[in-house]
Amino acid sequence: MKEPKISDAFPIVLILIGASFNLIYFFYETFYRFLFIYAEYIFLFLFFVFSFLVLFGLCEPKKKPLYFKLSLTFILITTLVHFYNPNWFRGASILEANLVDDLSAIELTIYEDDSCVSKIHMMFGFTNDFSGVCLIEDEKIFFIEDPYDINSFYPDTAFIIENKMIIRFHDNREPDSTYGSFFRITKNTFSSSQKVQPD
């Protein structure tokens, strides 16, 4: 009777690791909300193990055709997950704004259906997307569901003043428009009376 080899478990291990990696990749926002920084460590660990398994499966296409086909299948799945964009199924954006500071950048997009997305650009090229619900009335933006993590700096209400989205005020009630403290609006179509004004 032939003794089982460690490599014989390759298909099962690849399926388990590949499925776990792609599920976390696809639902990363939800995963991050539960585990915060630990989500990144788990994701990176799965990424390296998954990459090793795929490379192993691609090495011997003639001797191990099943491993080769399975690796190609997961490469295709990961590619589809990577390029999938939920914004394809949203309505048109009605407001876009961005905030840039020394360490990161945030792009806020609000859509016709009141959904909103924060795209966070961090150091070393890492990005995260967070979804929420935002309502726009007159010159106010109400954050019904915060489009960020638990340590969000978004207030309950932000104010649109000319081409800026003000998120905080000084003690004298003057809007805080110092560097890294406000969003610059780059698109605003929700109201004809609130067009973005050039600097």
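Below is a short write-up of the structure. (Residues numbered from 1 in each chain as written. Predicted model: local features only at pLDDT ≥ 70, side-chain atom pairs only at ≥ 80, totals over all residues. Heavy atoms only, no water.)

## As for the pairing of strand β4 (residues 127–137)
Next up, step 1: By the alternation rule, side chains of β4 split into Asn128, Phe130, Gly132, Cys134 and Ile136, which are all buried, and Thr127, Asp129, Ser131, Val133, Leu135 and Glu137, of which none is buried.
Next up, step 2: Of the pairings in the sheet, the one linking strand β3 (residues 115–121) to β4 comprises 7 bridges and is antiparallel in character. Paired with Val117 across the two strands is Ser131, which belongs to β4.
Next up, step 3: Pairing geometry for β4 and strand β5 (residues 140–145), over 5 bridges, is antiparallel. (Buried < 20%, exposed > 50% of the residue type's maximum accessible area, 1.4 Å probe, protein only. Helix = DSSP H or I, 4+ residues; strand = E, 2+ residues; numbered from the N terminus. Pairing = 2+ DSSP bridges.)

## A closer look at the environment of Phe56
Next up, step 1: The residue Phe56 is located in helix α3 (residues 37–59) in this model.
Next up, step 2: A relative accessible area of 38% means that Phe56 is categorised as partly exposed.
Next up, step 3: For the pair Phe56 and Tyr67, spaced 11 residues apart in sequence, the C-alpha separation works out to 8.3 Å.
Next up, step 4: Residues contacting Phe56, with those up to four places away along its chain left out, are Phe10 and Tyr67. (Contact = heavy atoms within 4.5 Å.)

## Digging into the packing of helix α2 (residues 28–35) against α3
Each pair of packed helices gets described by two things: the angle between the helix axes and the distance between those axes.
Next up, step 1: At a minimum axis distance of 6 Å, the contact between α2 and α3 shows a crossing angle of 125°. On the basis of their axis angle, the class for α2 and α3 is oblique. Contact residues: α2 offers Tyr28, Phe31, Tyr32 and Leu35, while α3 offers Ile37, Tyr38, Ala39, Glu40, Ile42 and Phe43.
Next up, step 2: When the residues that make up the contact of α2 with α3 are grouped by side-chain class, the tally is 9 nonpolar, no polar and 1 charged. (Axes fitted to C-alpha atoms, helices over the stretch in contact; angles between N-to-C directions. Parallel < 35°, antiparallel > 145°, perpendicular 65-115°, else oblique. Nonpolar A, V, L, I, M, F, W, Y, C, P; charged D, E, K, R; others polar.)

## Focus on the nonpolar core
Next up, step 1: One finds Ile110, Ile141, Met165 and Phe183 to be the most contacted residues of the largest nonpolar core, which totals 38 residues.
Next up, step 2: Contact partners of Ile141, with chain neighbours within four places excluded, come to Leu95, Ile110, Cys134, Leu135, Ile136, Asp156, Thr157, Ala158, Ile160 and Met165. (Core = buried A, V, L, I, M, F, W, Y, C linked by side-chain atoms within 4.5 Å.)

## Details of the sheet that holds β3
Next up, step 1: A barrel is described by the order of its strands in space; here 8 strands give the closed sequence β1-β2-β3-β4-β5-β6-β7-β8, paired in antiparallel fashion. When the angles between neighbouring strand axes are averaged without regard to direction, this sheet yields 30°.

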